[in-house]
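# An overview of the molecular structure
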Amino acid sequence: MECSINNMDVIYRLTEKGVVIDRVRTGAEHAGVPEEIDGLPVVALGAKAFAPHPEENAPDHRKIRSITLPASLERVGDYAFYNCYGLEKLILTDRTCHWGGSCLMNCRKLQQFELTVTDETSPTLCYFADELMAELDVTLHYADGDMARLIFPEYIESYEDNKPAHFFDFFIYGPGFPYHHAFTGKRLDYGTFDGCWEEMMQRGYEPDCAMRLAFYRLRYPRNLGDRAAANYRAYLEKSAPEVLTWLLDARDVRGLTWYVETFLPGKEELSAAVERARLLGLAEATALLLEQQHRRFPRGKMKTFDL
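Note that the structure is a prediction, hence the values are computed from the model and not measured. (Residues numbered from 1 in each chain as written. Predicted model: local features only at pLDDT ≥ 70, side-chain atom pairs only at ≥ 80, totals over all residues. Heavy atoms only, no water.)

Next up on the list: the overall build of the protein chain. The helix and strand inventory of the protein chain stands at nine helices and 17 strands. Counting over 307 residues, the protein chain shows a buried share of 43%. Put simply, 52% of the contacts in the protein chain that link residues at least 6 apart link residues at least 24 apart. Carbon and sulfur atoms provide 48% of the accessible area of the protein chain, an area that totals close to 16,200 Å². (Helix = DSSP H or I, 4+ residues; strand = E, 2+ residues; numbered from the N terminus. Buried < 20%, exposed > 50% of the residue type's maximum accessible area, 1.4 Å probe, protein only. Contact = heavy atoms within 4.5 Å. Areas by Shrake-Rupley, 256 points an atom, 1.4 Å probe, with all protein chains shown as cover.)

Right, here's the structure in full:
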């Protein structure tokens, strides 16, 4: 059967449990799988459901940037998102916990996940962390209204030919492997996740990634211990110029407000941030930084800027 819904043409079939969507055709950058069709819940995506179509004049699914999956969805079939090269973000609940083989194959830009947590024992997040070696940016929404945002650093697995010995050596590069495996029984272990930090600081890391990891763990401190909090705070305190530049370039005024009020950056850092905010034309951020500057460093003649 076929129908059009949510800017998509879908081919589907009815089963005892509900609707299975076998094929999707859409030209939208942001696709939303419906919660129900014909009054029945959508419970599964079939094999290659979102894979680009070979037919002439078919929509180019390689342009899809985000996909929202409904809470009713239980299963995702083999190769469901195969060759969705442009896919950057999945929005879903942890009820979608059965994932077919290679369903994320060639989703090379997929790094963002927004996951509603209904059962902390669900293997959904563990699946993504294990399946993808790239840096992951995961936002978790909990039933109690709390949230967390976690950065899983990238790592690379490599088999390299050891020619004299006639076998391949296996190497892991990058700090991300322990983070991607910070699970106990497929359940995220926050203590294990935060415990990876000190090793990462010793073995080498990407400063931008570490900055964002520390920032989000402190800003959304679910299950954050005192030692880990102190480590993150120390890193963000010494990285004030980089943090302020990042937040301004991202136009994240709420994050900027939190950082400025929590870490109280120095006079030179605030002055440089004011200059950057002004150059970027960020009136609200400029006003916030000027107010902080005036309140904390009132002495002396200060520059004025037009907002």
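Together, Met 1, Leu 14 and Leu 40 line one region of the surface with nonpolar side chains, adding up to about 270 Å² of accessible area. With respect to the element layout, Leu 14 can be found in strand β2 (residues 8-14). (Patch = residues over 30% accessible without salt bridge, like charges linked within 9 Å, V, L, I, M, F, W, Y side chains within 5 Å. Salt bridge = Lys/Arg side-chain N within 4 Å of Asp/Glu carboxyl O.)

Read across the sheet, six strands follow the order β4-β7-β9-β11-β12-β13 without closing on themselves; strand pairing throughout is mixed. Each edge of the open sheet carries a strand with a single partner, namely β4 (30-32) and β13 (147-152). Recorded for the sheet is a direction-independent mean angle of 15° between the axes of neighbouring strands. Inspection of the sheet shows strand β7 (residues 66-68) paired to strand β9 (residues 89-93) by three bridges, in the parallel sense. Bridge pairing in β9 links Ser 66 to Lys 89. (Pairing = 2+ DSSP bridges. Axes fitted to C-alpha atoms, helices over the stretch in contact; angles between N-to-C directions.)

What follows concerns the nonpolar core. Judged by nonpolar contacts, the single largest core of 89 residues is most densely connected at Phe 50 and Phe 81. Looking at this core, the element that brings in the most residues is helix α4 (residues 207-219), giving eight residues. Residue contacts for Phe 81: discarding those within four places in its chain leaves Leu 45, Phe 50, Ile 67, Leu 69, Val 76, Leu 87, Leu 90, Trp 99, Cys 103, Leu 104, Met 105 and Cys 107. (Core = buried A, V, L, I, M, F, W, Y, C linked by side-chain atoms within 4.5 Å.)

All right, on to the pattern of salt bridges then. Counted under the stated rule, the structure contains 18 salt bridges. A salt bridge links Glu 135 to Arg 212; the nearest nitrogen and oxygen atoms lie 2.7 Å apart. Linking Glu 135 in the loop between α1 (124-131) and β12 (136-142) with Arg 212 in helix α4, this pair joins segments that are 77 residues apart in sequence. Arg 212 shares its class with Glu 135; the two are buried.

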